[in-house]
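Descriptive structure summary
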Amino acid sequence: DTGVSQDPRHKITKRGQNVTFRCDPISEHNRLYWYRQTLGQGPEFLTYFQNEAQLEKSRLLSDRFSAERPKGSFSTLEIQRTEQGDSAMYLCASSLGLETDTQYFGPGTRLTVL
Amino acid sequence: AQKITQTQPGMFVQEKEAVTLDCTYDTSDPSYGLFWYKQPSSGEMIFLIYQGSYDQQNATEGRYSLNFQKARKSANLVISASQLGDSAMYFCAMREGPVGASKIIFGSGTRLSIRP
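Below is a short write-up of the structure.

Cut-offs applied
- Residues numbered from 1 in each chain as written.
- Chains lettered and ligands numbered in written order.
- Predicted model: local features only at pLDDT ≥ 70, side-chain atom pairs only at ≥ 80, totals over all residues.
- Heavy atoms only, no water.
- Helix = DSSP H or I, 4+ residues; strand = E, 2+ residues; numbered from the N terminus.
- Rg over C-alpha atoms; globule rule 2.2 N^0.38 Å.
- Buried < 20%, exposed > 50% of the residue type's maximum accessible area, 1.4 Å probe, protein only.
- Contact = heavy atoms within 4.5 Å.
- Areas by Shrake-Rupley, 256 points an atom, 1.4 Å probe, with all protein chains shown as cover.
- Lys, Arg positive; Asp, Glu negative; His and termini not counted.
- Charge placed at Lys NZ, Arg CZ, Asp CG, Glu CD.
- Salt bridge = Lys/Arg side-chain N within 4 Å of Asp/Glu carboxyl O.
- Core = buried A, V, L, I, M, F, W, Y, C linked by side-chain atoms within 4.5 Å.
- Disulfide = S-S within 2.5 Å.
- Phe/Tyr/Trp six-rings, centres within 6.5 Å; stacked < 30°, edge-to-face > 60°.
- Pairing = 2+ DSSP bridges.
- Axes fitted to C-alpha atoms, helices over the stretch in contact; angles between N-to-C directions.

A short note on the overall build of chain B
- Helices and strands together make up the secondary structure of chain B, namely zero helices and 12 strands.
- Each helix (α) and strand (β) of chain B, taken in turn from the N terminus, gives the series β-β-β-β-β-β-β-β-β-β-β-β.
- Taken over C-alpha atoms, the radius of gyration comes to 14 Å for chain B, in line with the 13 Å a tight globule of 116 residues would show.
- Once the C-alpha set of chain B is aligned to its principal axes, its extents read approximately 40 × 25 × 25 Å.
- Here chain B holds 116 residues, and 48% of them are scored as buried.
- Residue pairs at least 24 apart in sequence account for 55% of intrachain contacts in chain B once pairs closer than 6 positions are excluded.
- When the accessible surface of chain B is split by element, carbon and sulfur atoms take 48% of a total near 5500 Å².
- Where the 11 positive side-chain charges of chain B centre and where its 10 negative ones centre are 3 Å apart.

Below is the structure:
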């Protein structure tokens, strides 16, 4: 049973460029979450999908951010016109939505905006 | 107001000793869940243990146990017989609402360092 995977693991980009990250959840998990973590802080919730439906978005998710989960499996997070303040670790998690509904996290994508 | 408070930014513990990491939480929802995650320097968040608000007994998972004091809104993590590999950041987190509620809210973490 493979865990949550994320690609790429590291991304360095110049300010103003667009970037896209991918997350593949644990196969039977119908819920998928995106979080952002800056240095020295705990992760902060960005958005959440149940199957292909995006059910909740944080106010942290500005209009430059968009997330999709087109077939209810993998998800992408796109950041347009990146800013230096977007530099962070972007974490993806998935869960079954049952029992404790524990979220299992991927290794993250570390974004550096120059 | 902070929903999850971890008052210990860093801790040093001698190998094989037990260690308690503090966590207090704030919610008015009667149904909630509490989680502890470990984040080594590699960056991945590793789930350790879960406690539901209606669970009568404290959760245990191997060397990890959760000291749940509901009236004090406290959910401390106890690691018995610490090992060098326990050195990492530890995050306390809370799901407000019943199972099925979406996001979890994290504290700012405690960096645990185990001395040989």
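Details of the pattern of salt bridges
- Counted by the stated rule, this structure contains eight salt bridges over all chains.
- Between Glu 56 of chain A and Lys 103 of chain B there is a salt bridge, with its nearest N and O atoms 3.2 Å apart. With one member in each of two chains, Glu 56 of chain A in strand S6 (residues 53-57) and Lys 103 of chain B in the loop between strand S10 (88-96) and strand S11 (105-106) form a pair that bridges those chains.
- The exposure class of Lys 103 of chain B is partly exposed, given its relative accessible area of 32%.

Focus on the nonpolar core
- Ranked by internal contacts, the top residues of the largest apolar core, which has 25 residues, are Tyr 25, Trp 36, Ile 49, Leu 77, Tyr 90 and Leu 112 of chain B.
- Tallying contributions element by element places S10 of chain B first for this core, with four residues.
- Residues contacting Tyr 25 of chain B, with those up to four places away along its chain left out, are Lys 3, Ile 4, Tyr 32, Leu 34, Phe 68, Gln 69, Lys 70, Lys 73, Ser 74, Ala 75 and Met 94 of chain B.
- Membership of the second largest hydrophobic core comes to 19 residues, among which are Phe 21, Cys 23, Leu 32 and Ile 79 of chain A.

Let's talk about the state of the cysteines
- Using the criterion set out here, one finds two disulfides over all chains in the structure.
- Linked covalently through their sulfurs, Cys 23 of chain A and Cys 92 of chain A form a disulfide whose S-S length is 1.8 Å. Looking down the S-S bond of the Cys 23 of chain A and Cys 92 of chain A bridge, the torsion is -70°, so its handedness is left-handed. Of this pair, Cys 23 of chain A sits in strand S3 (residues 19-24) while Cys 92 of chain A is found in strand S9 (residues 88-95), placing the two residues 69 residues apart along the sequence. Note on accessibility: Cys 23 of chain A and Cys 92 of chain A belong to one class, buried.
- The disulfide bridge from Cys 23 of chain B ends at Cys 92 of chain B, spanning 2.0 Å between sulfur atoms. The sign of the -65° torsion about the S-S bond sets the Cys 23 of chain B-Cys 92 of chain B disulfide as left-handed. Of this pair, Cys 23 of chain B sits in the loop between strand S3 (19-21) and strand S4 (24-25) while Cys 92 of chain B sits in strand S10, and the two are 69 residues apart along the sequence.
- On the accessibility criterion, Cys 23 of chain B (1% relative accessible area) is buried.
- The buried category is assigned to Cys 92 of chain B, whose relative accessible area is 0%.

Some thoughts on the packing of aromatic side chains
- In the structure shown here, the tally under the stated rule is 15 aromatic pairs over all chains.
- Ring geometry for Tyr 25 of chain B against Tyr 32 of chain B: centres 5.1 Å apart, planes inclined by 50°, an arrangement best described as tilted.
- Using a relative accessible area of 4% as the deciding quantity, one classes Tyr 25 of chain B as buried.
- Under the relative-accessibility criterion, Tyr 32 of chain B is labelled buried at 6%.
- Each residue in the set Tyr 35, Phe 45, Tyr 104 and Phe 105 of chain A together with Phe 35, Tyr 37, Phe 47, Tyr 50, Phe 91 and Phe 106 of chain B is aromatic and connected to the rest through ring pairs, giving one cluster.

What about the sheet that holds S3 of chain A?
All names here are of chain A.
- The strand order S1-S3-S8-S7 describes an open sheet built from four strands, whose pairing is antiparallel. With one partner strand each, in any of the chains shown, strand S1 (5-7) and strand S7 (65-68) form the two edges of the open sheet. Across the sheet, the axes of successive neighbouring strands diverge by a mean angle of 15°, strand direction being ignored.
- As paired elements, S3 and strand S8 (residues 75-79) share five bridges and run antiparallel to each other. Residue Thr 20 lies in a different strand from S8, and its bridge partner there is Glu 78.

The values are spatial; any link to function lies outside them.
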